[in-house]
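Okay, here's what each chain looks like letter by letter:
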Amino acid sequence: MRNFHPFSTFLLFVFLFHPLLLVLVDSYDGPLYDYTAHTECKLRPEKPLYNGGILKNQALSVQAIGDTSNAIYSPAFLLHNLTAKTYYSFSSWVKLGGAVSSVVRASLRIENETYNCIGTVLAKHGCWSFLKGGFFMNLPSNFSILFFQIFDEGDANISIDNASLQPFTEEEWRVNQQLTINTVRKRAVTVHVSDKQGGRLEGALINVKQISKDFPFGSAIAKTIIGNLPYQDWFVKRFNAAVFENELKWYATEPKQGVLNYTTADRMLEFVRANQITARGHNIFWEDPKYTPPWVQNLTGEELKSAVDSRIKGLLSRYKDEFVHWDVSNEMLHFDFYEKSLGANATLHFYKTAHEIDPLATLFMNEFNVVETCSDVKSTVDNYINRLKELKRNGVSMDGIGLEGHFTIPNPPLMRAILDKLATLNLPIWLTEVDISHTLGQETQASYLEVVLREGFSHPAVGGIMLWSALGPNGCYQMCLTDANFRNLPTGDVVDKLLKEWKTEDIEARTDNHGSFSFYGFLGEYEVSVKYENRSATSTFPVSVGDETKHFSIQL
């Protein structure tokens with residue numbers, strides 16, 4: 001029997017035994033996605049996922065990769081008859097010989113194209129590391145090569161063991177997403193109706209309405225929202241979370257040394273408070289010198305240290321308890337302005353100081369090219385994990401995983417696999433700046449946006465999603481949801497469709513002979529109204545995370 005990850009086992013239990021999912025049971029007999037991932041190097045590899053999938057009993061070969069004159073010999077699997085419109089989940093265990101450690105990349109070569117990266121792992125000498133990734137086949141391939149190389153084309157020996165390649169049709173992939181949504185984003189609820197003496201009221205008319213959602217789904221906003229009632233109305237109807245695009249960044253709040261201006265941020269925060277919107281703090285520092293205030297770049301030594309201390313203490317003291325998160329040192333895997341100038345402990349100092357001032361805020365690492373691709377060696381999933389672990393070892397508390405999500409062409413199996421590995425850390429994971437490149441047409445943007453949002457919402461470890469679609473005077477960074485008059489673009493239509501899909505529809509029903517009515521609803525706040533003869537009552541109740549049925553009683 002196949003070994004399941006605990007969450008996969010839970011999915012199977014709910015899938016088979018929850019009466020409200022019996023329709024899905026009758027129509028689906030495909031594979032269940034296995035969320036298993038490992039981040040520790042092990043003396044022996046674990047068993048292959050899916051019992052190896054289509055790689056079961058297939059031997060590894062050695063193939064020459066590259067031009068004949070400059071070929072590199074790599075371990076590889078020869079694959080036949082990969083099917084179109086199919087998601088392939090890939091995993092393997094990797095060990096190095098001849099080097100202490102190196103990033104190993106898995107790639108796929110088909111007839112007319114090469115997928116340069118379908119997964120990476122930071123492999124080591126003397127122990128086995130887990131690589132997890134995948135790819136989507138848009139067209140069929142009669143013959144392809146799945147091969148492994150050192151990222152920098154080094155000459156260390158690569159050993160591969162217990163590899164797996166599991167195909168999922170588009171329908172199977174979508175059903176697996178829906179199963180996760182049904183088990184993680186929803187909960188069974190039973191409403192009991194009785195009279196004041198506790199007698200059951202059969203046939204009472206009951207109306208249930210979801211009035212708010214638990215899952216934070218929002219967007220960036222810009223100063224253009226201040227006083228702009230159409231923009232505010234459009235935003236509030238859709239989103240329960242927000243992040244300021246640029247208005248909290250150091251270059252915006254202190255363009256000249258000692259000249260602080262929080263007026264714009266304060267007014268945006270008033271809009272957030274007035275509409276009970278959850279807000280992320282973005283950002284305290286940005287490691288990219290291009291976005292560091294020019295006057296800061298000219299400081300050195302004690303002057304720079306004094307300036308950064310003033311920045312972090314002033315910002316967080318002013319907004320203590322206002323923001324649920326802070327992106328502390330933005331994009332530190334790609335840039336290191338402050339660590340170069342102040343030493344290797346600068347980032348650690350930023351996190352510790354932020355936690356001391358605002359101890360209830362979750363402090364995030366925020367980075368790009370973690371889930372978008374695995375071709376960026378600076379931000380591979382293992383590099384991200386190692387930096388998080390380093391911060392934790394040095395005393396940073398309440399860490400959060402921020403994945404920007406600036407996509408061109410998303411790779412859903414790779415995205416899911418990376419989330420699986422990050423989930424092993426048991427930290428909050430948010431998609432913090434989701435957009436699709438403006439180099440694509442509007443319809444393609446919308447199609448790819450839906451792919452990314454479905455992956456994010458259906459992954460059990462993702463705690464929130466933020467779009468990077470603030471509307472400014474000259475449009476948006478990469479992706480707008482509306483035109484200047486707040487008429488939806490195709491991307492906006494996708495967002496509205498998913499917001500409707502991920503909310504419980506209004507319910508009207510009558511209680512059974514036990515005076516009860518049961519439904520399966522998305523997590524959030526509900527209003528229930530009950531009428532029986534000449535009596536009526538209205539109340540609200542929360543539906544929060546939980547495996548057991550939520551019971552709520554109302555009396556007439």
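Residues numbered from 1 in each chain as written. Predicted model: local features only at pLDDT ≥ 70, side-chain atom pairs only at ≥ 80, totals over all residues. Heavy atoms only, no water.

Going by the annotation in an unreviewed UniProt entry, the name recorded for the protein chain is Endo-1,4-beta-xylanase B, with Cucumis melo var. makuwa given as the source organism. Looking at the protein chain in UniProt, the text filed under Sequence similarities (unreviewed entry) is "Belongs to the glycosyl hydrolase 10 (cellulase F) family." (UniProt positions renumbered as here; feature names shortened; annotations may be inferred.)

Draft legend 1. Structural context of the pairing of strand β10 (residues 205-213). Of the pairings in the sheet, the one linking β10 to strand β20 (residues 507-510) comprises four bridges and is antiparallel in character. Bridging from a neighbouring strand, N207 pairs with E508 of β20. Where β10 meets strand β22 (residues 524-532), eight bridges bridge the pair, whose relative direction is antiparallel. Bridge pairing in β22 places K213 opposite G524. (Pairing = 2+ DSSP bridges. Helix = DSSP H or I, 4+ residues; strand = E, 2+ residues; numbered from the N terminus.)

Draft legend 2. Spotlight on the nonpolar core. Counting residues in hydrophobic clusters, the biggest one holds 124 residues, and the most contacted among them are V191, F217, I221, W326, L403, L422 and L453. Taken domain by domain, the makeup of this core includes at least three residues from each of domain 2 (186-195 + 504-553) and domain 3 (209-500). What L422 contacts, discounting residues up to four positions off in sequence, is V370, V381, Y384, I385, I401, L403 and I429. Of all hydrophobic cores here, the second largest spans 27 residues; its members include Y88, V121, A123 and F148. (Core = buried A, V, L, I, M, F, W, Y, C linked by side-chain atoms within 4.5 Å. Buried < 20%, exposed > 50% of the residue type's maximum accessible area, 1.4 Å probe, protein only. Domains from an automatic or database assignment. Contact = heavy atoms within 4.5 Å.)

Draft legend 3. Broad picture of the pattern of salt bridges. Taken as a whole, this structure holds 20 salt bridges when the rule is applied. In this structure, D382 engages K421 in a salt bridge whose closest nitrogen and oxygen atoms are separated by 3.1 Å. One end of the pair, D382, is in helix α11 (residues 381-393); the other, K421, is in helix α12 (residues 412-423), with 39 residues separating them in the sequence. What makes D382 buried here is its relative accessible area of 7%. Three or more residues joined by partner-sharing salt bridges are found here, namely E450, R454, K497 and E501. (Salt bridge = Lys/Arg side-chain N within 4 Å of Asp/Glu carboxyl O.)

Draft legend 4. Summary view of the domain arrangement of the protein chain. Assigned domains of the protein chain: these are domain 1 (47-172), domain 2 (186-195 + 504-553) and domain 3 (209-500). Summarising the inter-unit geometry, the C-alpha centres of domain 1 and domain 3 are found 33 Å apart. Listed as interface residues are 17 residues of domain 1 and, on the opposing side, 14 residues of domain 3. Here domain 1 meets domain 3 over a buried area of about 1200 Å², counting both sides, of which 64% is carbon and sulfur. When the buried surface of domain 1 facing domain 3 is broken down by residue, L122, K132 and F151 rank first, second and third, together holding 36% of it. Counting across the domain 1 and domain 3 interface gives one salt bridge. For K132, the salt bridge is made with D420, and the minimal N-O distance between the two is 2.7 Å. Across the domain 1-domain 3 interface, the total number found is four residue pairs in polar contact (both at pLDDT 80 or more). Secondary-structure elements contributing two or more residues to the side of domain 1 that touches domain 3 are β3 (86-97), β5 (114-124) and β6 (129-137). In terms of residues, the side of domain 1 that touches domain 3 owes the most to one element, β5, which gives seven residues. (Buried area = accessible area lost by both parts, 1.4 Å probe. Polar contact = N/O pair within 3.5 Å; in protein donor to acceptor, adjacent residues only side chain to side chain.)

Draft legend 5. Seen up close, the sheet that holds strand β8 (residues 157-169). Spatial strand order, β6-β3-β8: three strands in an open sheet with antiparallel pairing. A strand with exactly one partner marks an edge of an open sheet, and here the two such strands are β6 and β8. Averaged over all pairs of adjacent strands, the angle between strand axes in this sheet comes to 20 degrees, irrespective of strand direction. Relative to β8, β3 runs antiparallel, the two sharing eleven bridges. Bridging from a neighbouring strand, Y88 pairs with P167 of β8. Sitting on the sheet, helix α3 (residues 170-185) is in contact with β3, β6 and β8, with an inclination near 90 degrees to β8. Running over the sheet, α12 touches β3 and β6 and is turned about 155 degrees from β6. (Axes fitted to C-alpha atoms, helices over the stretch in contact; angles between N-to-C directions.)

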